[in-house]
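# Remarks on the overall topology
Here are the chains, one letter per residue:
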Amino acid sequence: MEDIVILGAGGFAKEALWILERNNESRKDWNILGFVDQMKTEQEPVKGYGVIGDDEWLLRYPHPINVVCGFGSPALRRKVVQKYKDEAYNVTFPTLISNGANVSRHALLQEGCVICSGTMAAPNVKLGSFVILNLNCTVGHDTVIQEFSVVNPGANISGNVVIGNDSEIGTGSCIIQGKRLGPGTIVGAGSVIIRDVPGHCTVVGNPGRILEK
């Protein structure tokens, strides 16, 4: 088994732990050490798993170690990951796919992606580095989701969609086939995207309309 820690100790970090535990039920790949967070407390974020150190602890860790980024915000994920890429020689970010997900063998996933239970990704899907597909999402054929984007629970993305980097797709939203969303797009929960979106804006409603840039 390989050592692994989870960056952060909030909501999505706990979901990442759930994936690791569930996958270990069938294959004992991971020795889960716990959480790494700036706020070290005696309280365990999840029973049996505490905060074992902060960023400096991990940067000084003397051996190679696997790390899952447990932050759900695209901007924060990028900031934290970049820090470790700049300063740490010993850290590897594996892609983590829940045993409860259904990902085509013809999908292409870059480093650090996290795919949660109930999610389906069709053939020729391409995920950039550190993309999150949260619980019960669907991603249609030939869709491209660029780096650090986050797809929240229950979102449905049709085929041939392109989502730019650092975007956030809201819970229960829907993007119809062939649409293009520029970088930094925020799609509100339950929204339906039927037109291209220029990026660096918030889109809400059914049909989706640009709320702000």
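Only a predicted model underlies this, so the values are computations on that prediction, with no experimental measurement involved. (Residues numbered from 1 in each chain as written. Predicted model: local features only at pLDDT ≥ 70, side-chain atom pairs only at ≥ 80, totals over all residues. Heavy atoms only, no water.)

For the rest of this paragraph, the subject is the overall build of the protein chain. Scanning the protein chain from terminus to terminus reveals three helices and 24 strands. Its C-alpha atoms give the protein chain a radius of gyration of 17 Å, near enough to 17 Å, the size a compact globule of 213 residues would have. Overall size of the protein chain, expressed as C-alpha extent along the three principal axes, is 50 × 35 × 30 Å. Every one of the 213 residues in the protein chain was classed for burial, and the buried ones make up 48%. Within the protein chain, contacts between residues separated by at least 24 positions form 29% of all contacts whose residues are at least 6 apart in sequence. Surface summary for the protein chain: the accessible area is close to 10,000 Å², and the carbon and sulfur share equals 49%. Here the protein chain contributes 19 positive and 21 negative side-chain charges, whose respective centroids are spaced 7 Å apart. (Helix = DSSP H or I, 4+ residues; strand = E, 2+ residues; numbered from the N terminus. Rg over C-alpha atoms; globule rule 2.2 N^0.38 Å. Buried < 20%, exposed > 50% of the residue type's maximum accessible area, 1.4 Å probe, protein only. Contact = heavy atoms within 4.5 Å. Areas by Shrake-Rupley, 256 points an atom, 1.4 Å probe, with all protein chains shown as cover. Lys, Arg positive; Asp, Glu negative; His and termini not counted. Charge placed at Lys NZ, Arg CZ, Asp CG, Glu CD.)

Mapped onto the elements, R22 comes out in helix α1 (residues 11-26). The residues contacting R22, other than those within four sequence positions of it, are S98, N99, G100 and S117.

As a further point, take the layout of surface pockets. Its volume calculated, the largest pocket comes out at about 160 Å³. L7, G8, V36, D37, Q38, D55, F71, L76, K79, V80 and K83 together form the lining of the largest pocket. Of the residues in the lining of the largest pocket, the class split is five nonpolar, two polar and four charged. (1 Å grid on protein atoms, 1.4 Å probe; cavity = no way out; pocket = protein on both sides within 12 Å on 5 of 7 lines; lining within 4 Å. Points joined across faces, edges and corners; volume = space filled by probe spheres on them. Nonpolar A, V, L, I, M, F, W, Y, C, P; charged D, E, K, R; others polar.)

Here we take up α1. Along α1, the positions that sit buried rather than exposed are F12, A13, A16, L17, I19, L20, N23 and N24. Within α1, the buried residues cover an arc of 155° as seen down the axis, which keeps them to one side. Away from its buried face, by an angle of more than 90 degrees, α1 presents the exposed residues G11, E25 and S26. (Arc of directions from axis to C-beta.)

Considering the arrangement of structural elements, one finds Q43 in the loop between β2 (30-36) and β3 (51-53). C-alpha of Q43 to C-alpha of V68: the two residues are 25 residues apart in sequence and 21 Å apart in space.

With an omega dihedral of 0°, the bond running from N206 to P207 counts as a cis peptide bond. If you trace the backbone, P207 turns up in the loop between β23 (202-204) and β24 (209-212). Of note in this structure, F130 is not a glycine but carries a positive phi near 65°. Note on F130: relative accessible area 1%, which makes it buried. Even without being a glycine, N160 presents a positive backbone phi close to 60°. The topology assignment puts N160 in the loop between β16 (156-157) and β17 (162-163). We classify N160 as partly exposed; its relative accessible area is 38%.

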